[in-house]
Amino acid sequence: MAFDDRPEPAKRLQIARESAKFSSARAAADFFGWSVDTYHQHENGTRGIGRASARYAKAFRVSEAWLLTGEGQGPGKYKSSYDQKLSQLRLERPDLADTIEAGLERQIESAFERIAESNTRKKQ
């Protein structure tokens, strides 16, 4: 395993992105309409994330404090009312919960694709 000497906030930024299910820095930057180069520099640690930390925290659903210091709400700690309801449904009707979750995932992916296309058109 290679030694990772990036600053801790850069490492946490990557963790937050991956927890939000973005496979690459480019995918996240394209989706949110951020500069790919700037975001990549923030994640690889060549530039500090200070001024952009609030934007990244909101996008990846973590606290700004966690991104900057490691304290506070990190990835996976956020549980929406949707998540809570789906968890309860899963206990009572796992088959129905699976069907609903699969349909929602398809709709969300479709929405992400439309947003990415829209962002690409705006940049042109």
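In case you missed it, the structure is sitting above this.
Description of the structure in this document.

Conventions and cut-offs
Residues numbered from 1 in each chain as written. Predicted model: local features only at pLDDT ≥ 70, side-chain atom pairs only at ≥ 80, totals over all residues. Heavy atoms only, no water. Core = buried A, V, L, I, M, F, W, Y, C linked by side-chain atoms within 4.5 Å. Buried < 20%, exposed > 50% of the residue type's maximum accessible area, 1.4 Å probe, protein only. Helix = DSSP H or I, 4+ residues; strand = E, 2+ residues; numbered from the N terminus. Contact = heavy atoms within 4.5 Å. Phe/Tyr/Trp six-rings, centres within 6.5 Å; stacked < 30°, edge-to-face > 60°. Arc of directions from axis to C-beta. Polar contact = N/O pair within 3.5 Å; in protein donor to acceptor, adjacent residues only side chain to side chain.

To continue, consider the nonpolar core. As a rule of thumb, soluble globular proteins bury nonpolar side chains together. Within the largest apolar cluster, 18 residues are counted, with the highest numbers of intra-cluster contacts made by Leu13, Tyr39, Tyr56, Phe60 and Leu67. Elements represented by at least two residues in this core include exactly α1 (8–19), α2 (25–32), α3 (36–44), α4 (53–60) and α5 (64–69). Take this core: its biggest share by element is 4 residues, from α2. Beyond its immediate chain neighbours, meaning those up to four positions away, tyrosine 56 contacts Leu13, Trp34, Tyr39, His42, Ile49 and Leu67.

Before going further, it helps to spend a moment on the packing of aromatic side chains. Tallied over the full model, the rule gives 13 aromatic pairs. Plain terms: the ring middles of phenylalanine 22 and phenylalanine 32 are 5.5 Å apart, the flat faces sit at 55 degrees to each other, and that makes the pair tilted. Here phenylalanine 22, found in the loop between α1 and α2, pairs with phenylalanine 32, found in helix α2; they are 10 residues apart in sequence, far enough to count as distant. Taking 4.3 Å as the distance between ring centres and 80 degrees as the angle between the ring planes, the aromatic pair formed by phenylalanine 31 and phenylalanine 112 counts as edge-to-face. Within this pair, whereas phenylalanine 31 is found in helix α2, its partner phenylalanine 112 is found in helix α7 (residues 94–123), the two being separated by 81 residues in sequence. Accessibility expressed as a relative area gives 11% for phenylalanine 31, which makes it buried. Classification of phenylalanine 112 as partly exposed rests on a relative accessible area of 35%.

The complete set of buried residues in α4 reads Ser53, Tyr56, Ala57 and Phe60. Seen end-on, α4 carries its buried residues on one side only, within an arc spanning 100 degrees. Looking at the buried positions of α4, the neighbouring elements they touch are α1, α2, α3 and α5. Within two residues after α4, arginine 61 carries a phi angle of roughly 60 degrees, on the positive side.

Attention now moves to the side chain of lysine 11. Relative to the helices and strands, lysine 11 resides in helix α1. A polar contact of 3.1 Å, which involves the side chain of lysine 11, links it to the backbone oxygen of aspartate 4. In this structure, lysine 11 is in contact with Asp4 and Arg6, ignoring residues within four places of it in sequence.

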